[in-house]
Structures are given as C-alpha cells and as structure tokens.
Amino acid sequence: MEHRPRFFVDRMLGKVAKCLRILGYDARYGSIETASQIQTLRHEGYVVVTGNTRWRHVPGVLFCQATRWPEQCRKLADAGLVRLEEADPFSRCLQCNGVLEDVAKEEIAGRVPEFVYATAPAFSRCPSCGRVYWPGSHLDKMTDHFQRIMGWNLKEAGKRRSA
Ligand SMILES: [Zn+2]
C-alpha cells in the first residue's frame, strides 16, 4: 500500500488531516514555516496541504480553505490524491496518525466503556498514543460526510478489507 500518497497537513487544517486519517492515509500534521521546509517535505515524498495563502503558488502545494473542509476532502479526491479503492478506512489513529494494531480483548479491559467491552467483536490499539479503537469507534459525523458528499460508504469499504 506504500504507493499511496503521504500528506503533510498544515496545522490550520485539522479536519482535513482527520478526513485523511479516517481513510487510512499517512497524514502528518504540523506548522509550515518556510519555503525550504516545503521543499524538504516534497523531497521526502509528502503532498503538502495548506490553507495559508502565502504558500498558495509554491509548486507541489495543494491549497485548501479550512472553513470548507468537506469540500476540501472532495477536492483531494477530484485531484486523484485520495481514492476509495486504495483507502484503508479505520486503520489509523485519528489523534496521532499511528498505524493501529490488533489487540487481545483482555489487554484493554477497563480502558473502554463496559458495554463496548461486552459487545465489540474486535479491538485495535494505537502503538504511539495507546488509544483504543473498535468497529464503530471511528464512525462519526465526518464518516457521514463521506457518504453524503462523496458517496463513499466507508463502513462497507472497511469491512471488505478486513474480511
Ligand atoms: Zn495514536
């Protein structure tokens, strides 16, 4: 899956970073201070996404407006940078971008709500920050946006992959 683009998302575009992580894309998140930083990131293979007009015309930079994040995610898809066929939904930590690992139920006892512990069929954990996920835990309003705006059913795509 390493042919997929990696993204460096400007700190002002938190929701865009979250969209990318929901889809399973490597989406680092931080400040962009200098043009040479952008060059370094591009050399490292990152697509730089920013809402800062200062970088708007720098080659290789994708300019997005923060206030319109659902449309921005659509824009990434229209540019061919994100594709449902190559996405791996719910495989990354939304908080820190870590790649989730399967974890035995016993190991996360006491770390999730009791009803979730009793009913969820499987759990995964972020090796970087320790956050625990289960089927459904990634699903929120943003996932609905993918369905409404892009016509992408992430729940089905996620199932297909883990099956
Ligand atoms: Zn994490």
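Residues numbered from 1 in each chain as written. Predicted model: local features only at pLDDT ≥ 70, side-chain atom pairs only at ≥ 80, totals over all residues. Heavy atoms only, no water.

**Some thoughts on the coordination of the zinc ion**
Around the zinc ion, the protein supplies C93 (SG), C96 (SG), C126 (SG) and C129 (SG) as donor atoms, at distances of 2.3 Å. Around the zinc ion sit four donor atoms; with metal-centred angles ranging over 95 to 120°, the donor geometry is tetrahedral. Sequence positions of the residues that donate to the zinc ion give the spacing C-x2-C-x29-C-x2-C. With C96 in the loop between helix 3 (69-78) and strand 5 (101-103) and C126 in the loop between strand 6 (123-125) and strand 7 (132-133), this pair connects stretches of sequence that are 30 residues apart. (Donors = N, O, S within 2.8 Å, 3.2 Å for Na, K, Ca; no water. Tetrahedral: all angles 85-135°; square planar, octahedral: opposite > 155°, others 65-115°. Helix = DSSP H or I, 4+ residues; strand = E, 2+ residues; numbered from the N terminus.)

**Concerning the domain arrangement of the chain**
According to the domain assignment, the chain consists of domain 1 (6-90 + 141-162) and domain 2 (101-133). The centre of domain 1, based on its C-alpha atoms, is set 27 Å off from the matching centre of domain 2. (Domains from an automatic or database assignment.)

**A few points about helix 3**
Those residues of helix 3 not exposed but buried are W69, P70, Q72, C73, L76 and A77. With its buried residues spanning 160° around the axis, helix 3 presents them on a single face. On its buried face, helix 3 is in contact with strand 1 (6-10), helix 1 (14-22), strand 4 (61-63) and helix 5 (141-150). Backbone geometry just after helix 3 places G80 at a positive phi near 75°. (Buried < 20%, exposed > 50% of the residue type's maximum accessible area, 1.4 Å probe, protein only. Arc of directions from axis to C-beta. Contact = heavy atoms within 4.5 Å.)

**Considerations on the packing of helix 1 against helix 3**
Close contact between helix 1 and helix 3 brings their axes to 9 Å; oriented N to C, the two are set at 50°. One element, helix 1, and the other, helix 3, form an angle in the oblique class. Note that helix 1 runs across helix 3; the crossing there is right-handed. Of the residues in helix 3, those in contact with K15, V16, C19 and L20 of helix 1 are W69, Q72, C73 and L76. Residues belonging to the contact of helix 1 with helix 3 are distributed by class as follows: six nonpolar, one polar and one charged. (Axes fitted to C-alpha atoms, helices over the stretch in contact; angles between N-to-C directions. Parallel < 35°, antiparallel > 145°, perpendicular 65-115°, else oblique. Left-handed = near helix turned anticlockwise from the far one by under 90°. Nonpolar A, V, L, I, M, F, W, Y, C, P; charged D, E, K, R; others polar.)

**Points about the sheet that holds strand 6**
One open sheet holds the three strands; their spatial order is 5-6-7, and the pairing between them is antiparallel. Unpaired on one side and paired on the other, strand 5 and strand 7 mark the two borders of the sheet. When strand 5 meets strand 6, the two strands line up antiparallel, connected through three bridges. Within strand 6, the position partnered with E101 by the bridge is R125. (Pairing = 2+ DSSP bridges.)

**Remarks on the packing of aromatic side chains**
The description of an aromatic ring pair rests on the distance of the ring centres and on the angle between the ring planes. According to the stated counting rule, one finds four aromatic pairs in the structure shown. A ring pair is formed by F146 and W152, whose centres lie 6.3 Å apart and whose planes are at 5°; its orientation type is stacked. We classify F146 as buried; its relative accessible area is 3%. In textbook terms, an aromatic cluster arises when at least three aromatic residues are bridged by ring pairs, as seen for Y117, F123 and W134. Above the face of the Y25 ring, R4 is positioned so that its terminal group lies 5.4 Å from the ring centre. (Phe/Tyr/Trp six-rings, centres within 6.5 Å; stacked < 30°, edge-to-face > 60°. Lys NZ or Arg CZ within 6 Å of the ring centre and 35° of its normal.)

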